[in-house]
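The primary structure of each chain is shown beneath.
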Amino acid sequence: MTQPLDEKLARPMTVVFFGIQGAGKGTQASLLDDFLTRNSDDNVLLLEMGERLRGFAAGSAEANKRVNTIMSAGDLLPAFIPSHMMTSFLLTEFTGDEHLIFDGVARRIEQSMVLDDALAFYDRSDYQVITLELSEEEANRRMRLRHRSDDAEAQIQKRFEGYRSETLPALEELRRRGRTVHTVDGHPSIEEIHKQVLAVLGLAP
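Here's a quick rundown of the structure.

1. Observations regarding the overall build of the chain
- A tally of regular secondary structure across the chain gives nine helices and five strands.
- Element order for the chain, N to C, with α for helix and β for strand: α-β-α-β-α-α-α-β-α-β-α-α-β-α.
- By the compact-globule yardstick of 17 Å for 205 residues, the chain fits well, its C-alpha radius of gyration being 17 Å.
- Within the span of the chain, comprising 205 residues, buried residues form 46% of the whole.
- Look at the contacts in the chain between residues 6 or more apart in sequence, and 76% of them connect residues 24 or more apart.
- Within the chain, one finds 24 positive and 33 negative side-chain charges whose respective centroids are separated by 5 Å.

2. Remarks on the packing of helix H5 (residues 80-93) against helix H6 (residues 109-121)
- Put simply, H5 and H6 touch, their axes get as near as 10 Å, and they point 15° apart. Taken as axis vectors, H5 and H6 run roughly parallel relative to one another. Note on packing geometry: the crossing formed by H5 with H6 is right-handed. Along the contact surface, H5 presents Pro82, Ser83, Met86, Thr87 and Leu90, while H6 presents Gln111, Val114, Leu115 and Ala118.
- Class assignment of the residues belonging to the contact of H5 with H6 gives a composition of six nonpolar, three polar and no charged.

3. Considerations on the sheet that holds strand S2 (residues 44-48)
- Reading across from one edge, S2-S3-S1-S4-S5 is the order of the five strands in this open sheet, with parallel pairing throughout. A strand with exactly one partner marks an edge of an open sheet, and here the two such strands are S2 and strand S5 (180-185). Put simply, the sheet's adjacent strands are angled 20° from each other on average, direction ignored.
- Bridge analysis of S2 against strand S3 (residues 99-103) gives five bridges, and the strand direction is parallel. Counted as the bridge partner of Val44 is His99 from S3.
- Along the sheet, H5 makes contact with S2 and S3, crossing S3 at roughly 165°.
- Sheet strands touched by helix H9 (residues 190-200): strand S1 (14-19), strand S4 (128-133) and S5. Its angle to S5, the strand with the most contacts, is close to 155°.

4. Thoughts on the environment of Asp33
- In this fold, Asp33 is placed in helix H2 (residues 25-39).
- Placed 171 residues apart in sequence, Asp33 and Ala204 show a C-alpha to C-alpha distance of 15 Å.
- Every residue in contact with Asp33, bar those within four places of it in the chain, is listed here: Val44, Leu46 and Ile101.

5. Structural notes on the pattern of salt bridges
- Inspection of every chain in the model, using the stated rule, returns 17 salt bridges.
- Across the salt bridge formed by Arg177 and Asp117, the nearest N and O atoms sit 3.0 Å from each other. Of the two residues, Arg177 is situated in the loop between helix H8 (153-176) and S5 and Asp117 in helix H6; the sequence distance between them amounts to 60 residues.
- We classify Arg177 as partly exposed; its relative accessible area is 24%.
- Between Arg141 and Glu138 there is a salt bridge; the shortest N-O distance is 2.7 Å. In this pair, Arg141 and Glu138 are both assigned in helix H7 (residues 136-146), three residues apart and thus about one turn of the helix distant.
- Members of the salt-bridge network, linked through shared partners, are Asp116, Asp117, Glu173, Arg176, Arg177 and Arg179.

Reading the values: rules and limits
Residues numbered from 1 in each chain as written. Predicted model: local features only at pLDDT ≥ 70, side-chain atom pairs only at ≥ 80, totals over all residues. Heavy atoms only, no water. Helix = DSSP H or I, 4+ residues; strand = E, 2+ residues; numbered from the N terminus. Rg over C-alpha atoms; globule rule 2.2 N^0.38 Å. Buried < 20%, exposed > 50% of the residue type's maximum accessible area, 1.4 Å probe, protein only. Contact = heavy atoms within 4.5 Å. Lys, Arg positive; Asp, Glu negative; His and termini not counted. Charge placed at Lys NZ, Arg CZ, Asp CG, Glu CD. Axes fitted to C-alpha atoms, helices over the stretch in contact; angles between N-to-C directions. Parallel < 35°, antiparallel > 145°, perpendicular 65-115°, else oblique. Left-handed = near helix turned anticlockwise from the far one by under 90°. Nonpolar A, V, L, I, M, F, W, Y, C, P; charged D, E, K, R; others polar. Pairing = 2+ DSSP bridges. Salt bridge = Lys/Arg side-chain N within 4 Å of Asp/Glu carboxyl O.

Next comes the structure, spelled out in structure tokens:
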């Protein structure tokens, strides 16, 4: 007998998205946010790190300027900046009862360790990781279609290298810690990927 959706969502979920730039993490995180909002009585908190960092980089203080310079060059930020934003988010916005969705919060091993420790602190060690797998060729094509000024070829290649050398090891650290990691093909349509995300989370109709 299939378990009703409201029973599956009786306890708030925590989901962390991984994937190469252009894989659609932000889109899928937003779609999951919408799904949980429609189908659960609990509120949903979505932390999209790239959006927060871009907002921070628009400021005029010294730290804002340095973050803007690093991001404009396509380089990875030192771990303490996104780690600070993530922990501040949890300490100031999370009441303990919401569904949590994270996108782009663990791009280095140090950040994945902070994330794991923080979620353990909040009794959310049963969180699930979804990694969207996409070829670099397709990721490159998608990023060029965005027409963003920071998506020039040199910056794109830097980001791909950062993903291989820093983010994949961060993902492996979560696997090493015994966390649940689901792999979803990032090549199909947005709608099909969303269906696969719901399926691996046990939320498919």
